[in-house]
Amino acid sequence: LEKILFVYLPKCVEMSLYHRKVLERETEQVICLKRGSEGNKGRIKEKSLIAFVANGSILPRQSGNSALPMKDAVPFQSPKSMEITIQLRHRGSITGMGIRKGITLIAGGGYHGKSTLLEALEKGVYDHIAGDGREFVITDDTAWKLRAEDGRKIKDVDISLFINHLPNGRNTRRFSTLDASGSTSQAANIIEAIEAKSQVLLIDEDTSATNFMVRDELMQRVIQKDKEPITPFLERARDLYEKAGISTILVVGSCGSYFYIADQIIQMDNYCPVDITEKTRKLLKEYKKPDCKAEALYCRLKKEVYPLEALWYEGKITAEPVW
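Only a predicted model underlies this, so the values are computations on that prediction, with no experimental measurement involved.

Reading guide: rules and limits
- Residues numbered from 1 in each chain as written.
- Predicted model: local features only at pLDDT ≥ 70, side-chain atom pairs only at ≥ 80, totals over all residues.
- Heavy atoms only, no water.
- Pairing = 2+ DSSP bridges.
- Helix = DSSP H or I, 4+ residues; strand = E, 2+ residues; numbered from the N terminus.
- Axes fitted to C-alpha atoms, helices over the stretch in contact; angles between N-to-C directions.
- Core = buried A, V, L, I, M, F, W, Y, C linked by side-chain atoms within 4.5 Å.
- Buried < 20%, exposed > 50% of the residue type's maximum accessible area, 1.4 Å probe, protein only.
- Contact = heavy atoms within 4.5 Å.
- Phe/Tyr/Trp six-rings, centres within 6.5 Å; stacked < 30°, edge-to-face > 60°.

This part takes up the sheet that holds strand β3 (residues 92-100). Strand order in the open sheet formed by four strands is β2-β3-β1-β5, with antiparallel pairing between adjacent strands. Of all the strands in the sheet, just β2 (83-88) and β5 (137-139) have a single pairing partner and so form its edges. Across the sheet, the mean angle separating the axes of adjacent strands is 35° when strand polarity is ignored. Bridging between strand β1 (residues 49-54) and β3 involves five bridges; their strand directions are antiparallel. Bridged to Ala51 within β3 is Ile99.

Turning to the nonpolar core, a few remarks are in order. Of all hydrophobic cores here, the largest spans 38 residues; its most connected members are Leu105, Phe162, Leu201, Phe212, Phe233 and Tyr258. Contributions of two or more residues to this core are made by β4 (103-107), β7 (154-157), α4 (182-195), β9 (200-204), α5 (210-213) and α7 (237-244). Per-element accounting of this core gives the leading share, five residues, to α4. In this structure, Phe233 is in contact with Phe162, Ile190, Leu201, Ile203, Phe212, Met213, Leu240, Thr248 and Tyr258, ignoring residues within four places of it in sequence. In terms of nonpolar packing, the next biggest core, distinct from the first, is built from 22 residues, Ile50, Ile106, Ile249 and Met268 among them.

A word on the packing of aromatic side chains. Counted under the stated rule, the structure contains three aromatic pairs. Between Phe212 and Phe233 the ring centres are 6.3 Å apart and the planes differ by 25°, which places this aromatic pair in the stacked class. In this pair, Phe212 is assigned in helix α5 and Phe233 in the loop between α6 (217-222) and α7, connecting sequence segments 21 residues apart. Grouping aromatic residues by their ring pairs yields a cluster made of Phe162, Phe212 and Phe233.

And the structure:
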């Protein structure tokens, strides 16, 4: 405590609050970054973008617990197909990668920079510090980074968009628990983001609950829909965008099902982004689309047993009926 009060603290004050100790150019840089931040977020919205990453940005960090840019890192360079030039306040014209509204996937092999890009986009909602390397990574300021949080507390959250008819009969329209599972915690996190008027969801497959994100064809056949209370995010992501205007940026490394609903797909290759949207769409024509027979059977049962639910499911009525 003595060292903090009489050695470290006075040195911090002297280096940061005395004008003679602060370089004029550095001060001007900080002021310009701060003043331009809000205006820059407005610029990307004008272009119907949800995020922008300037060419030359340094996204990798020195280590997992460091905020400093990595030395000799590969500078970011946008794919030509996604390159856009915008006018930024206090900076003028700047070119980089624009991420449009919709469903964007960030794919690629391990250690190639997928999560690094997502983390940079996550930090893009804040004002940046000069020298950070990510000064001109700009993200819609309503964006939320979401993950599964086993053990978190949930109080009166309506998670029925994703989870219904639990075996114990618990009400998922006002769901509460002191010890949430991975899937219920992630469902609650998304609903809380929607309630907070978020327009962009940032999700990493590595930190998500697998059963919440997807159910493959074999699993649907083995465990039928009426025995599974979870509606995967895969089945809701498209509707979230088309009906509520909520975009998703998702890091994927093992699940190919999301390719079928993606608007744009970025492959990270040695920290360099490559637009593989068209290439992937051509490949998808060669592969059989995941079987939706289990889902079709569920819809048929709903028409026979729950006709109002079926009408809501098909978008013919807007108010969701109560089960």
